[in-house]
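The chain contents come next:
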Amino acid sequence: MHKKIGIIIFACIIIALPILTLVKLPKEKAPFSENENRYLSEFPTVSLSSIKDETFMNGFDSWFSDRFYGREQWISAMNDSERLMGKTEISTVYTKDDRMMQVLSDYDDIGATYDADKIHTNLAVINSFAAKHPEVPTYFMLCPTSVGVYGNSLLPAAVKNVSVDEKDMIESCYNELSDVTPINIYNALKEHDSEYIYYRTDHHWTSLGAYYAYQSAGAELGYTPYELKDFTKETASTEFQGTLFSKTLDQSVTKDELDFYTLADNSVTPSMTTSNGFDKDASYDSIFFRDYLDVKDKYASYTGQNVAVATISRNKASDAANDSNISDSENRSILVIKDSYANSMIQFLINNYDTVTMIDLRYTNQSISNLVNVEDYDQVLFLYNCITFSDENDLIKAGL
């Protein structure tokens, strides 16, 4: 009897799900999924040719997979059931002790892909860039992710055996540099691994983690970092669920806190202009975009959505001329070629430079020389995290 009831329930679900999807979702579901931070597949065009060449059916499969009724609730329920059975990995994200982590590995089904050939190519590009601009000192900061700092201590033994040691990766990359100064922040982060330096549900470091990187980099870049006590900390949100949550929809992990830091004496009031290299520049009177605190992608509140070029100006108060931290870098400028790890570090770095320009090569098809004049800057910093750098396809533009 119970078996028959189960079959009936299953049959009802199989029949009802497509009907509800066709009736409800085209009207009610937005084409952008905030939880997954991506656009969903659109309903395919129906035509005789698309039916014949099977593009309609392929498109319909993608659309249905993205849009079936109650999709996120189904996925969440399925993931919850797997966790109840003891599974610690969901969609290549490992969860333990109230923390999500993504592993860097040679195996595609274990975590993010480690591509040694691509890494060597990217390092060669950085070396080539430095050789092309010998008058501008070039630096490279390769940032560990959370699993790198925590030493894989939270991972299953089988995963530890195939994961990449990010500390070793960083040292190996730095050994390949030529006329480029490495900025090794690993030990500085490791010393503070008991603090809140990485998000629990996102792949980025927190503002505090970014601060320790900024503090450590001062010796190489030639500025005197401000102390934490010099800043006012604002907790802008306690509801952040980031990119790793989007892969798992695991509500059991504590939501993250997102913090803004500004100098307590208000001696610096940064402003920003952005450009994609074609359209008219957009101007902003802050580097904090508070509108993003009300949406899923809260990390974008640091300098806004990634763009090709963003230039931040320090805007010193008139009575700040005698500040030792400012005077040691008066009118200096730095060009940062980066991934999104740089976005939350800018709130600290701008206090020691008159101008910071960020270039994100993922959002342009133009070369760096078409976007800025490198010789206008006193320093160039390449800043990437280990996972992004391992699978970076856009850095080649730096050498064009």
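The notes below deal with the structure included here. Counting of residues starts from 1 at the beginning of each chain's written sequence and follows it residue by residue. With pLDDT at 70 or above as the cut-off, local features in this predicted model cover only qualifying residues; side-chain atom pairs require 80 or more to be listed or tallied, and sums for whole chains, interfaces and linings still use all residues. Side-chain calculation: all heavy atoms of the structure are included, whereas hydrogens and water are not.

1. Quick notes on the nonpolar core
Within this scheme, the nonpolar core is defined by two criteria: the residues are buried Ala, Val, Leu, Ile, Met, Phe, Trp, Tyr or Cys, and they are joined through side-chain atoms within 4.5 Å. Think of it in three bands: residues with accessible area under 20% of the maximum for their type are buried, residues over 50% are exposed, and the middle band is partly exposed, with areas taken using a 1.4 Å probe on protein chains only. Residues Met 141, Trp 205, Val 336 and Leu 383 are the most contacted members of the largest nonpolar core, which totals 52 residues. Per-element accounting of this core gives the leading share, eight residues, to helix α10 (residues 207–221). Within the second largest apolar cluster, 38 residues are counted, among which are Val 164, Tyr 377, Cys 386 and Phe 389. We count a stretch as a helix when DSSP gives it H or I for four or more residues in a row; a strand needs E for two or more, and each element gets its number in order from the N terminus.

2. Overview of helix α5 (residues 116–132)
A helix is expected to span 1.5 Å for every residue after the first. The terminal C-alpha atoms of α5 lie 24 Å apart, and with 17 residues this matches the ideal 24 Å at 1.5 Å per residue to within 8%. Every buried residue of α5 is accounted for by Lys 118, Ile 119, Asn 122, Leu 123, Val 125, Ile 126, Asn 127, Phe 129 and Ala 130. For α5, the secondary structure elements touched by its buried residues are β8 (138–143), α8 (166–175), β15 (333–338), α14 (368–371), β17 (379–385) and α15 (386–390). Polar contacts, as used here, are pairs of N or O atoms within 3.5 Å; protein pairs need one atom able to donate a hydrogen and one able to accept it. Residues neighboring in sequence count only if both atoms are side-chain atoms. Where α5 begins, the side chain of Asp 115 points an oxygen toward the backbone nitrogen of Asp 117, at a separation of 3.2 Å. Throughout, a residue-residue contact means that at least one pair of heavy atoms, one from each residue, lies within 4.5 Å.

3. Looking at unusual backbone geometry
Backbone geometry places Asn 266, a non-glycine residue, at a positive phi of 60°. Looking at where Asn 266 falls in the secondary structure, it is placed in the loop between β11 (256–263) and β12 (271–275). Although it is not a glycine, Asn 315 adopts a positive phi angle of roughly 55°.

4. A short note on the pattern of salt bridges
Salt bridges are defined as contacts in which a side-chain nitrogen from Lys or Arg sits within 4 Å of a carboxyl oxygen from Asp or Glu. For the coordinates displayed, the defined rule picks out 15 salt bridges. Ionic pairing is found between Lys 233 and Glu 257, a salt bridge with its closest N-O pair at 3.5 Å. Here Lys 233, found in strand β10 (residues 231–240), pairs with Glu 257, found in strand β11; they are 24 residues apart in sequence, far enough to count as distant. Among the residues examined, Lys 233 registers a relative accessible area of 44% and is labelled partly exposed.

5. Here's the deal with the side chain of Ser 390
Its location among the elements puts Ser 390 in helix α15. Polar contacts involving the side chain of Ser 390 include one to the main-chain carbonyl oxygen of Cys 386, which spans 2.7 Å.

6. Notes on α10
Three or four residues apart is the spacing at which side chains of an α-helix point the same way, because the helix has 3.6 residues per turn. For α10, built from 15 residues, the straight-helix expectation of 21 Å at 1.5 Å per residue is met to within 8% by its first-to-last C-alpha distance of 20 Å. Of all the residues in α10, the buried ones are Ser 207, Leu 208, Gly 209, Ala 210, Tyr 211, Tyr 212, Ala 213, Tyr 214, Ala 217, Gly 218 and Leu 221. Gly 222 occupies a position one or two residues after α10 and carries a positive phi of about 85°.

7. Section: the environment of Tyr 212
Its place among the elements puts Tyr 212 in helix α10. On the basis of relative accessible area, Tyr 212 is assigned to the buried category, the value being 7%. When the C-alpha positions of Tyr 212 and Phe 348 are compared, they lie 9.9 Å apart, and in sequence the two are 136 residues distant. If sequence neighbours within four positions are ignored, Tyr 212 has contacts with Ala 188, Leu 189, His 192, Glu 195, Ile 197 and Leu 228. At 2.6 Å, the side chain of Tyr 212 and the side chain of Glu 195 are in polar contact.

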